[in-house]
Every structure is written in structure tokens, then in C-alpha cells.
Amino acid sequence: MAAYPSVNWWPGNLRPYESRLSFVARFCALNGINVRKCAEFLSVEPDSSTPLPIDEIRRLASVLGETAPLVEDVFSPSIRFIDVGRYGPPPDSRERHAIRYCETCVQHGYHSYLHQLGWLSRCPFHLSELKTTWAQKHTARLVSQRVGALEFVMRQRCRTWPHGIDAGFPAREQGRVASLAGWVARASVAAARMSLGEIWSSGNDGMPGAVSLDQAFNQLRTLEPPPEDIEQLLIEAGDRWTLQSHAFARQAKIQLGHLRLCHLSFADVLHFYIRINAASANPSSFVTRLNAIQDRQARHGTCRCRWRLTKEGRLSRWVSVRPEEGPRWGLICPYDIALNELQLGWGRSDLALSNRPAEQERRRFCSVSHAMRDLGLIRYTRDAAVAPAGYLYADQDVWTCCEWVRESALTAVLDMAVAWETELTFNALTTWLDDIDRGVDPLERDDSKFCIRLCETDDGLLLIKWMRAEANVRRGQSRI
Ligand SMILES: [Zn+2]
Ligand SMILES: [Zn+2]
């Protein structure tokens, strides 16, 4: 302690589950310093949710004269989903200027990191609905704006803030909070177990962005149903999710291991498998389904869509149009967008791409085909032009030169992965087109992410499919 200047802080002043923001606001107010000085003095990010390493916790405990467990509780919150891989809720889905708080807690001069969690709708101490205050935008850094906004709320509602705060509040032995902590810990373990050995998930090269809070939270709920006593704290987020899985024998896992030695991931193999089928005279069933959907485009007839896409250079944007105007040059109908997406994802993408990317696609296919042939996963068709070294010449329709060896152990895994993924994509596109027909903004597109996953297990491979319970209902209404 001697190495530090004395500070206006005393043991036990830090509160259980207190937010870092609240601590910083009080520390600044008690010591008459601003947020920047506070951050410099304590060497901590004032508004980060990144947990501090244990050495930092010990150092802070010594500066503040607090116990390490209490400091850890604030700077490395115990109630959070840990090591859950892609099952975690998005890291920071809240609006950057919003601070959620509980009215009763604030009257006690208290603010908790629990109030900031997007998947809680009520204060776990009081069951009251959470309120939101907004940081006033000005020239200071955002963190100072946020600390200022919390301080303003505190000073308005709690006359003694930052002094004279009820040290016994909140009690650590809160039954509901303990129950919440227990559930989060169990859900974390369940999600960690589910993502163990995960080597691939769908939707990684399609639509960018993180998984939505609705999806992540409801999947966690499915993996570990929350106890009844905390049910009312949680947000009522969207649809329920269900899970289906299929195990494949060891042989498929061994084959994937061989591919990995050739620097080919499951994603590479899947991409190759889709292209080979799209060009094949005797393709897998997903191609038949794709063709049926594309054929039905005729049913769209004269375009009466209320939204069309317009492209200006590299930028594109949706514009609202009068349906009776019909097609207009430069405005792309959503159905064409959907068909193009299907073609790029599952069909002969080389035909839908412009010259350069199509050429890249050809080279990629060619180089993967070398390894595939060496491993006995493909053979060449009779008409294929093959170099003396045994590889395809690149200046031909390489896609039609290869034939998948269906007897390989990987075929069943690939077939199921493609069938599941295409089903999800078709459903998502149908929902999107239906919504556009109803006048919904095309940007409001909620494709779920990472729904199909492949994990390596001790015994072989496990393919997992996550489904929105609602999607089952919609399946019968396919329109495209
Ligand atoms: Zn409260
Ligand atoms: Zn249209």
C-alpha cells in the first residue's frame, strides 16, 4: 500500500455484483478526479467487460484495501457464460450509449453488471423492470459520457451518493441471484460440452455478422432449461430452438484426418462436394431440390415486388417502389437476388460469377481435385483431359471432369450436411421473400447462424442441427 498515494476508499465499500461503471463513478466522485485520471491511476479500462487476470485483481485489491474475491466479482464477473464457443450471446449487443438500471437499486446508490446483460429483463434483486438512461453525446470519450450518465441518475435518486451507501445491500446470499449464477454455470458447461471438438459450422462464409441474441440465448435455454424461480428475470426472446444430431462412424473421421494432412478442412471438402454435384449428370438429391426451386421462379410472373435493389458502383441499397410499375432497368427484384444466392451457394457458381472470381473458383477446384484424387475420393470422367502427372488440365470444364466416389465413408456426412444446410437456406429465403411481399424492409433479414455443426468425438463424427421451432410450422408453406 505504501507505494501508492492514499485514496478515498475503504474496505467493504465495493459491492457484490457491482458494475465496473458504478465503481468508477463512485471512485471518481469520492476522490474528486475525472474518469481518465481514475483509469490511469488504477490501470484499468473503466467500462470493459473483459475479465482481469488474477494478478491484476490482487493488485487492485491491495490498492483499494478490498478482498480479492470481492474485486474479482466486479472486474471478472462470475455470472457470465464462459468457454461456450459459438454458443455465447453476442458480446456487446447493447446500444453503446444506453445504460440499463433498476430504480430501486439506484435508490440504494447501487448499479450491477447484471442490469447490463441483454438477456435479463428484470433486476434480479427486486424483480422490477429495468429502465434505460442514455449518455449525453458530447466531446468527451464515450466512457466518460457513460460514467456521467450513471452519476446523474445516482445523484437524482440517491441523495447520499457517493457517500452513506447501505453497505449491506445487496446481500450476497440472495437466493434468486444464486439460482441465476447456478444456471449460467450449468448452461456454460452444457454449451462447452456441445462445442467440444467442433470443426465446422454452417454460415461461416455466407452472411456476415454474429449470432443474434435471440438465437444464442434460446439455444442455451434448450441446452440447460432455466429453473422456474429465475424464469421471470429472463427476456422473452423469440422462438424456441430444438436440436437434432446424427453420429457417423470412425472411418469418416479418419478420412477427414487424411484430408487435414493435405491442408483441407471440412469446409473445403464440402464446398468441393457441392460443386461436383452441381455439375454432375447424376447428382445428389439437393441438386434436384435446388432445380425445382429455381424452375418455380416462373411462378413469380411479372414482378410486383415492393422493394428492389439498386447498385451504384460497389454500393447497393434497397428502394421502395410501386408494385404496379413492373420491372425497371437497374432495379433488381428480390426473387432474382434469392435465385442468385442459391446459384452461388449450391449451384454452378462459376456461371453466376464474373470472370475473375469464376477463374479463382476454377483454380481452387482444380487444386483441391488433386488431393481428392490422391485420397481416392473422386475419379475422372471418361472425357476428362488429364496431364501425364495424373492431374486435370485447368483449361477445360473441370467441374464436369470429376465424379465423386460415393462409397467413401465421408459421403453420408457430406450428404446430410448439405441437405440440412440447404433446407435451412431455402426456408430462410422463403421467409425473407414472404416478408418482403408483406411490405417488410428487405434489410430486416434474420438468417440464423451456425445452425449445422460438425464435431469430432471419440467414436467418430457428430453432425448437429439447430432448428427454430417456428421453422417447422412454416415449412409447409414454401412459396419459391
Ligand atoms: Zn434492483
Ligand atoms: Zn419481383
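These numbers come from a predicted model, not from an experiment. The numbering scheme is per chain: residues are counted from 1 as the chain's sequence reads. The order in which chains are written sets their letters, starting at A; the order in which ligands are written sets their numbers, starting at 1. The model is predicted, so local features are restricted to residues of pLDDT at least 70 and side-chain atom pairs to those at 80 or more, both for listing and for counting; the totals for chains, interfaces and linings are taken over all residues.

### Topic: the overall build of the chain
- Within the chain, the regular secondary structure consists of 17 helices and 11 strands.
- Expressed as lengths along the three principal axes of its C-alpha atoms, the size of the chain is roughly 85 × 60 × 45 Å.
- Taking all 480 residues of the chain together, the buried fraction comes to 34%.
- Looking at the chain alone, contacts between residues at least 24 apart form 72% of all its contacts between residues at least 6 apart. Each helix corresponds to a stretch of at least 4 residues labelled H or I by DSSP, and each strand to a stretch of at least 2 residues labelled E; elements are numbered beginning at the N terminus. Here a residue counts as buried when 20 or more other C-beta atoms fall within 10 Å of its C-beta, as exposed when 12 or fewer do, and as partly exposed in between; the C-beta atoms come from the backbone. Residue pairs are scored as contacts if the distance between their C-beta atoms, which are placed from the backbone, is within 7 Å.

### Some details on the confidence of the model for the chain
- Known as pLDDT, the predictor's confidence for each residue is given on a scale from 0 to 100. Here the chain shows a mean pLDDT of 87. Residues at 70 or above account for 92%.
- When mean pLDDT is taken per element in the chain, strand β10 (residues 452-456) scores highest with 96 and helix α17 (residues 469-474) scores lowest with 54.
- Scored below 50 in pLDDT, residues 471-480 shows 15 contacts in the model against residues more than four places distant or in partner chains.

### Remarks on the packing of helix α13 (residues 334-346) against helix α16 (residues 410-437)
- Axis definition: a line fitted to C-alpha atoms, limited for helices to the stretch in contact. Angles are taken between N-to-C directions and run from 0 to 180 degrees. Between α13 and α16, the shortest axis-to-axis distance is 10 Å and the interhelical angle comes to 170°. Here α13 lies roughly antiparallel to α16, going by the angle between them. Across the interface between the two elements, P334, Y335, A338, E341, G345 and W346 of α13 pack against T422, T425, L429, L433 and I436 of α16.
- Residues are grouped as follows: nonpolar covers Ala, Val, Leu, Ile, Met, Phe, Trp, Tyr, Cys and Pro; charged covers Asp, Glu, Lys and Arg; every other residue, Gly included, is treated as polar. Of the residues in the contact of α13 with α16, the class split is 7 nonpolar, 3 polar and 1 charged. Roughly parallel covers angles under 35 degrees, roughly antiparallel covers those over 145, roughly perpendicular covers 65 to 115, and oblique covers all other angles.

### Details of the packing of helix α11 (residues 266-278) against α16
- Packing of α11 against α16 brings their axes to within 10 Å, and their N-to-C directions diverge by 80°. Between α11 and α16, the angle falls in the class roughly perpendicular. Residue-level contacts link V269, L270, Y273 and I274 of α11 to L410, L414, A417 and V418 of α16.

### Comments concerning the domain arrangement of the chain
- Partitioning the chain into structural domains gives domain 1 (1-198) and domain 2 (244-302 + 346-477).
- Delimitation of the domains relies on an automatic or database domain assignment. Taking only C-alpha atoms, the centre of domain 1 and the centre of domain 2 are 46 Å apart.
- Contacts between domain 1 and domain 2 engage 4 residues on the former and 5 residues on the latter.

### Observations regarding the sheet that holds strand β11 (residues 461-468)
- Paired strands are those between which DSSP finds at least two bridges. The strand order β3-β10-β11-β4 describes an open sheet built from 4 strands, whose pairing is antiparallel. Only two strands of the sheet have a single partner each, and these edge strands are β3 (198-201) and β4 (241-248). Sheet twist, expressed as the mean angle between neighbouring strand axes with direction ignored, is 20°.
- As paired strands, β3 and β10 are joined by 3 bridges and run antiparallel to one another. Counterpart to W200 in the pairing with β10 is L454.
- Contacts from helix α8 (residues 213-223) reach β4 and β11 within the one sheet, and its direction differs from that of β4 by about 65°.

### As for the sheet that holds strand β6 (residues 315-320)
- Pairing in this open sheet of 3 strands is antiparallel, and the strands run β6-β5-β7 from one edge to the other. Because the sheet does not close on itself, it has two edges, and the strands there are β6 and β7 (331-332).
- Across 2 bridges, strand β5 (residues 307-312) lies against β7 in antiparallel orientation. Looking across to β7, one finds that T310 is bridged to L331.

### Some points on helix α4 (residues 68-75)
- Burial analysis of α4 places 6 of its 8 residues in the buried class, which makes it a mostly covered element.
- Residues L70, V71, E72, D73, V74 and F75 constitute the buried set of α4.
- Considering only its buried residues, α4 is in contact with α1 (20-31) and α3 (54-64).

### A closer look at the environment of Y17
- Within the secondary structure, Y17 sits in the segment before α1.
- When the C-alpha atoms of Y17 and T160 are compared, they prove to be 20 Å apart, with 143 residues separating the residues in sequence.
- In this structure, Y17 is in contact with D73, S112, Y113, L114 and P170, ignoring residues within four places of it in sequence.

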